[in-house]
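A structural walkthrough
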Amino acid sequence: MSPIKVRPDVMETKPYVPGLTIEEIKEKYSLESVIKLASNENPLGASPVAIEAINRHAPDIFRYPHNGNPRLNKAIAERIGVTQKNIICGNGSDEIIDLLVRVKAEPGRDEVLSYESCFSMYNLMSRLSGINFRQIPREAEHKHPLKAMTAAVTDKTAIVFVTTPDNPTGLAVTAKEVREMAESIPEQTILAIDEAYIDFATPAAEYDMRPLLKEFPNVVLLRTFSKAFGLAGMRVGFGIMSTELTGFINRARPPFTVNLLAEEAAIAVLGDDKFYNDTVDVVLRGRKMFTDEIRGMGCEVLPSQANFIMFKPTRDAGEVFEELLKRGIIVRPLKSFGLSEYIRVTMGTDVENKIFIDTLKELL
Ligand SMILES: *Cc1c(COP(=O)(O)O)cnc(C)c1O
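Note that the structure is predicted; figures quoted are calculated from it, not measured.

Basis of the calculations
Starting afresh in each chain, residues are numbered from 1 along the sequence in its written order. With pLDDT at 70 or above as the cut-off, local features in this predicted model cover only qualifying residues; side-chain atom pairs require 80 or more to be listed or tallied, and sums for whole chains, interfaces and linings still use all residues. Just so you know, side-chain values use all the structure's heavy atoms and leave hydrogens and water out. Think of it this way: DSSP has to see at least two bridges between two strands before they count as a pair. Here a strand is any run of E in DSSP of at least two residues, a helix any run of H or I of at least four, and the numbering for each starts at the N terminus. To get an axis, fit a line to the C-alpha atoms, keeping to the stretch in contact for a helix; angles then go from 0 to 180 degrees between the N-to-C directions. Throughout, the term roughly parallel applies to angles under 35 degrees, roughly antiparallel to angles over 145, roughly perpendicular to angles from 65 to 115, and oblique to all others. Crossing handedness: left-handed means the near helix sits turned counterclockwise from the far one by under a right angle, and right-handed means the same turn made clockwise. Should any heavy atoms of two residues lie within 4.5 Å, those residues are counted as being in contact. Under the grouping applied here, Gly and all other residues not named as nonpolar or charged are polar, the nonpolar ones being Ala, Val, Leu, Ile, Met, Phe, Trp, Tyr, Cys and Pro and the charged ones Asp, Glu, Lys and Arg. Residue ranges for the domains originate in an automatic or database domain assignment. Here's the idea: put two parts together, see how much 1.4 Å probe accessible area each one loses, and the total over both is what we call buried area. What is meant by a nonpolar core is a set of buried Ala, Val, Leu, Ile, Met, Phe, Trp, Tyr and Cys residues, joined one to another through side-chain atoms within 4.5 Å. The classification of residues rests on relative accessible area computed with a 1.4 Å probe and restricted to protein chains. Under 20% of the type maximum is buried, over 50% is exposed, and intermediate values are partly exposed. Whether a residue is near a molecule or strand depends on its heavy atoms: it is near if one of them lies within 4 Å of it. Within 3.5 Å is the distance limit for a polar contact, defined as a pair of N or O atoms, with the added protein rule that one can donate a hydrogen and the other accept it, and that residues adjacent in sequence qualify only through two side-chain atoms. Only the protein chains shown count as cover for residues, with accessible areas throughout obtained via the Shrake-Rupley method and a probe of 1.4 Å. Every definition here rests on a 1 Å grid over the protein atoms only: cavities are sets of points where a 1.4 Å probe fits but cannot get out, pockets are open sets enclosed by protein on both sides within 12 Å along at least five of seven lines, and lining residues have some atom within 4 Å of a point. Grid points are joined across faces, edges and corners, and a volume is the space filled by probe spheres set on the points. We call Phe, Tyr and Trp rings a pair once their centres come within 6.5 Å, taking the six-membered ring for Trp, and we label the pair stacked below 30 degrees between planes, edge-to-face above 60, and tilted otherwise.

Moving on, we come to the sheet that holds strand 8 (residues 237-240). Taken in spatial order, the seven strands line up as 2-8-7-6-5-3-4 in an open sheet, and their pairing is mixed. The open sheet terminates on both sides in strands that have one partner only, identified here as strand 2 (87-90) and strand 4 (132-136). Within the sheet, the average angular offset between the axes of one strand and its neighbour, ignoring direction, is 20 degrees. Relative to strand 4, strand 3 (residues 111-115) runs parallel, the two sharing five bridges. Note that in strand 4 the partner of Tyr115 across the bridge is Ile136.

This paragraph deals with the packing of helix 13 (residues 317-326) against helix 14 (residues 350-363). At a minimum axis separation of 11 Å, helix 13 and helix 14 run at an interaxial angle of 125 degrees. Considering their axes alone, helix 13 and helix 14 lie oblique with respect to each other. Helix-helix and strand crossings are classified by hand; for helix 13 and helix 14 the assignment is right-handed. Along the contact surface, helix 13 presents Val320, Glu323 and Leu324, while helix 14 presents Phe356, Thr359, Leu360 and Leu363. By residue class, the composition of the contact of helix 13 with helix 14 is five nonpolar, one polar and one charged.

Annotation of the protein chain at the domain level lists domain 1 (8-46 + 274-363) and domain 2 (48-270). Taken over C-alpha atoms, the centre of domain 1 sits 24 Å from the centre of domain 2. Of the residues lining the interface, 31 residues belong to domain 1; the matching set on domain 2 comes to 32 residues. Buried surface at the junction of domain 1 and domain 2, both sides included, amounts to about 2600 Å², of which 63% is carbon and sulfur.

Here we come to the nonpolar core. By size, the foremost hydrophobic cluster in this structure holds 109 residues, and its most contacted members are Leu191, Phe225, Ile294, Phe311 and Phe356. Of the residues that make up this core, three or more belong to each of domain 1 (8-46 + 274-363) and domain 2 (48-270). Beyond its immediate stretch of four places on either side in the chain, Phe225 contacts Leu72, Ile76, Gly230, Leu231, Ala232, Val236, Gly237, Phe238, Ala266, Val269 and Leu270. One finds Leu171, Leu302, Phe337 and Tyr342 within the second-largest nonpolar core, a separate group that totals seven residues.

Taken together, the neighbourhood of the ligand is formed by 13 residues, with Tyr197, Thr224, Ser226, Lys227 and Arg235 sitting nearest. Contact between the ligand and Asp94: an oxygen atom at 3.1 Å from a side-chain N or O atom of the residue. With respect to the ligand, the side chain of Lys227 contributes an N or O atom lying 3.4 Å from an oxygen atom. Isolated, the ligand exposes 390 Å² of accessible area, and the fraction of that covered by the protein chains is 93%. Tallied by class, the residues present in the shell around the ligand amount to three nonpolar, six polar and four charged.

The next point concerns helix 13. The complete set of buried residues in helix 13 reads Ala317, Val320, Phe321, Glu323, Leu324 and Leu325. Buried residues belonging to helix 13 abut helix 2 (22-29), strand 11 (329-330), strand 12 (332-333), strand 13 (343-346) and helix 14. Structurally, the start of helix 13 carries an N-cap: the backbone nitrogen of Gly318 is 3.1 Å from a side-chain oxygen of Asp316. After helix 13 finishes, the residue Gly328 shows a positive phi value of roughly 85 degrees.

Next up on the list: empty space enclosed by the protein. Under the counting rule described, the total for this entry stands at one cavity of 30 Å³ or more. In this structure, the largest cavity encloses a volume near 50 Å³. Lining the largest cavity, in full, are Pro65, His66, Asn67, Gly68, Asn69, Arg253, Pro254, Pro255, Phe256, Thr257 and Val258. Here the residues of the lining of the largest cavity are counted per class, giving five nonpolar, five polar and one charged.

Considering all chains together, one arrives at eight aromatic pairs under this definition. Centroid distance Phe225 to Phe229: 5.1 Å. Interplanar angle 50 degrees. Geometry classified as tilted. In this structure Phe225 comes out as buried when scored by relative accessible area, which is 0%. A residue is classified by how much of its surface remains accessible, and Phe229, at 6% relative accessible area, is buried. Ring centres 5.7 Å apart and planes at 50 degrees place the aromatic pair Phe225 and Phe238 in the tilted group. With Phe225 in the loop between strand 7 (219-224) and strand 8 and Phe238 in strand 8, this pair connects stretches of sequence that are 13 residues apart.

This is the structure in structure tokens:
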């Protein structure tokens, strides 16, 4: 039998490798408890209000959800300060990235632009749509190369992706810097700002991109319920964009991709201010502690505006990752991002953070 052939873009694509799961590590090293600081998940777990909503709506799951989840769109729009028609929800913001690429970029002609060691979904979704993906080198100290990206835009550039705060560096660019970029980019190129970690950027006003939406119809903001809202497993993300663009995306999208329980959980968590504020508090407290302590160990630590930090240990990063694993702490080595000297660690609870710092001190 001859092996099955699929599209060349797929043949050349390696599957996404997520961080190891807690169960996998427990088994491998015979550990009783494991601390996972690898996937930028919420340190406080899930909101009790969201869990209650899921339980309450469990009997309804034989029904299809309301297509286009208008109740959730309305709740998001009120929080963001836009109209319901400016919102598109998806099965994680990964789906919004996919939809943007498929709606905007023409296969075989257009390209998508981002920078080196960026979030891997921009590449994956582009390639699978037959779109060339181009990456601009970062500036010194891993900074966003906004000027070089702006200069690199051509009439074939369908979308430019900028993650801020960035994953995996944690670095953020200000609204003023993004405004300058928006002013120089042609109207026909979408400027997609991935704000998965925006809730942790301080001071918030300096990083607030919402005013750009009114001025620049090609600006799109991407957000998610996976991080500050603690719903990574429910898969809900959303895009904020012009009504013209949401109209086009609504023509192209498959129905019902946000499931019924995900919609209810997301609506519920939007009303849980305590959970949100407690999450931001524990993350900001942990971020300061991690930054000070790890710098104190003589490591390079990037200034983070996210719920994780990226640092360069004074020993081989791969070794440090393995040694932490043996001691029941999962972090993210950044080899797959092309940053093999670095580690990314998510802020956990205060107790987990202390255990991580004490263990790292021992290892270094
Ligand atoms: C975590 C993350 C997301 C969120 O993805 P979901 O599909 O909504 O879970 C988006 N962009 C970046 C850069 C992220 O790190």
